[in-house]
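Chains, contacts and geometry: an overview
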Amino acid sequence: MILLIDSGNSRLKWAIFQNGKLQKNYALNNQTLNANKLSEAWKSLAVPKRLYIASVGPSALLDIVKSVATELWPNVTSIQVKSEPHGFGVHNSYLQPEKLGVDRWLALIAAHNLYQKPTCIIDCGTAITIDFIAADGNHQGGMISPGLSLMKKSLATNTDLLEFNEANYVLGPANFTEAAIYNGTLSAVAGLIEYVLSKQDPSLTVLLTGGDADVIAKHLSVSAIIDLNLVLNGLAIVASNSEY
């Protein structure tokens, strides 16, 4: 059994990878995560042969992951995956390949190996990231924008009268502030995605992933595939083809 770990800006996700498949996956919110909670969540797992870690989250969270893994499984091998210039059929277009977020790199690997079509990958997480990959595996660049929660938090942080609210509302012109913020931020994200896709070939496969993918997909006019395990699937492909 291999344990795959996706440490993001908002959540820690992990999955059991066995017999060539993701068997189960789990998640904990970063805001409430500590060593005791993670140890409690992991202690019933079988001893993994290896850990594959992708981390774009806080370094303190990565330290917790490594310390809990070492405490539970002292002899386990941990591999922290990094973005590369090329690998697993994908060519990284970044001028400094290591600067591409490893979550985006793994999503590109998963999209190329699982779908094998010209694809637009939209990660609807803390940030909205949009990446394009050709059928031959060439990454064609991408874009980054604040995600829904980050937009709302920015308003709450930089204004006196607007408060952060995670509730969902009916989309449309609102007659109270909380719904107005929800509608404004959701419309901004949906508008960005629609605008970017309007400049592309309409036959492009559109993949949505990330915590807000389901919410955003409902407000897009384009057809999209929702794959919430895209980064974990990328880790699985790396693990399957690793020399370790």
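Our subject is the structure listed above.
These notes cover the structure that comes with them. In this text, all values refer to a predicted model and were calculated from it rather than measured experimentally. (Residues numbered from 1 in each chain as written. Predicted model: local features only at pLDDT ≥ 70, side-chain atom pairs only at ≥ 80, totals over all residues. Heavy atoms only, no water.)

1. So, unusual backbone geometry
The phi torsion at Phe88 lies on the positive side, around 60 degrees, for a residue other than glycine. Secondary-structure assignment places Phe88 in the loop between β6 (86–87) and β7 (90–91). (Helix = DSSP H or I, 4+ residues; strand = E, 2+ residues; numbered from the N terminus.)

2. What to know about the packing of aromatic side chains
Per the stated rule, a full pass over the model turns up 5 aromatic pairs. For the ring pair Trp14 and Trp42, a centre distance of 5.9 Å and an interplane angle of 85 degrees mean the geometry is edge-to-face. Placement of Trp14 in strand β2 (residues 11–18) and of Trp42 in helix α1 (residues 35–42) is noted, with a sequence separation of 28 residues between them. For Trp14, a relative accessible area of 3% translates into the label buried. For the ring pair Trp42 and Trp73, a centre distance of 5.6 Å and an interplane angle of 25 degrees mean the geometry is stacked. Taken together, the residues Trp42 in helix α1 and Trp73 in the loop between α2 (59–72) and β5 (77–80) connect sequence positions 31 residues apart. Using a relative accessible area of 0% as the deciding quantity, one classes Trp42 as buried. Take Trp73: its relative accessible area is 5%, and that puts it in the buried class. (Phe/Tyr/Trp six-rings, centres within 6.5 Å; stacked < 30°, edge-to-face > 60°. Buried < 20%, exposed > 50% of the residue type's maximum accessible area, 1.4 Å probe, protein only.)

3. Focus on the packing of α1 against α2
Any two packed helices are characterised by the angle at which their axes cross and by the distance between the axes. Relative to each other, α1 and α2 sit at 45 degrees, their axes nearing to 10 Å. Between α1 and α2, the interaxial angle falls into the category oblique. Here the hand of the crossing between α1 and α2 comes out right-handed. Along its contact with α1, which presents Ala35, Leu38, Ser39 and Trp42, the element α2 presents Ile64, Val65, Val68, Ala69 and Leu72. In the contact of α1 with α2, the residues fall into 8 nonpolar, 1 polar and no charged. (Axes fitted to C-alpha atoms, helices over the stretch in contact; angles between N-to-C directions. Parallel < 35°, antiparallel > 145°, perpendicular 65-115°, else oblique. Left-handed = near helix turned anticlockwise from the far one by under 90°. Contact = heavy atoms within 4.5 Å. Nonpolar A, V, L, I, M, F, W, Y, C, P; charged D, E, K, R; others polar.)

4. As for α2
Between its terminal C-alpha atoms α2 stretches 20 Å, which fits the 20 Å expected from 14 residues at 1.5 Å a residue. For α2, the set of buried residues is Leu61, Leu62, Ile64, Val65, Val68 and Ala69. Seen end-on, α2 carries its buried residues on one side only, within an arc spanning 155 degrees. Exposed and oriented more than 90 degrees from the buried face of α2 are Ser59 and Glu71. Each element contacted by the buried residues of α2 is listed here: β1 (2–7), β2, α1, β4 (50–55) and β5. (Expected span 1.5 Å × (residues − 1). Arc of directions from axis to C-beta.)

5. Looking at the layout of surface pockets
There is about 1100 Å³ of room inside the largest pocket. Contributing to the lining of the largest pocket are 40 residues, with Ser10, Arg11, Gly125, Thr126 and Gly211 lying nearest its centre. Those elements that place two or more of their residues in the lining of the largest pocket are β2, α3 (102–115), β8 (119–124), β9 (127–133), α4 (148–158) and α7 (230–240). Considering every element that reaches the lining of the largest pocket, the biggest residue donor is α4, with 5 residues. (1 Å grid on protein atoms, 1.4 Å probe; cavity = no way out; pocket = protein on both sides within 12 Å on 5 of 7 lines; lining within 4 Å. Points joined across faces, edges and corners; volume = space filled by probe spheres on them.)

6. A closer look at the nonpolar core
Counting residues in each nonpolar core, the largest one holds 29 residues, and the members touching the most others are Leu4, Tyr52, Val81, Leu106, Ile109, Ile121 and Leu235. Mapped onto this core, the elements with two or more residues apiece are β1, β2, β4, α3 and α7. Those residues in contact with Leu4 that lie beyond four places of it in its chain are Lys13, Trp14, Ala15, Phe17, Leu22, Tyr52, Leu232, Leu235, Ala236 and Ala239. (Core = buried A, V, L, I, M, F, W, Y, C linked by side-chain atoms within 4.5 Å.)

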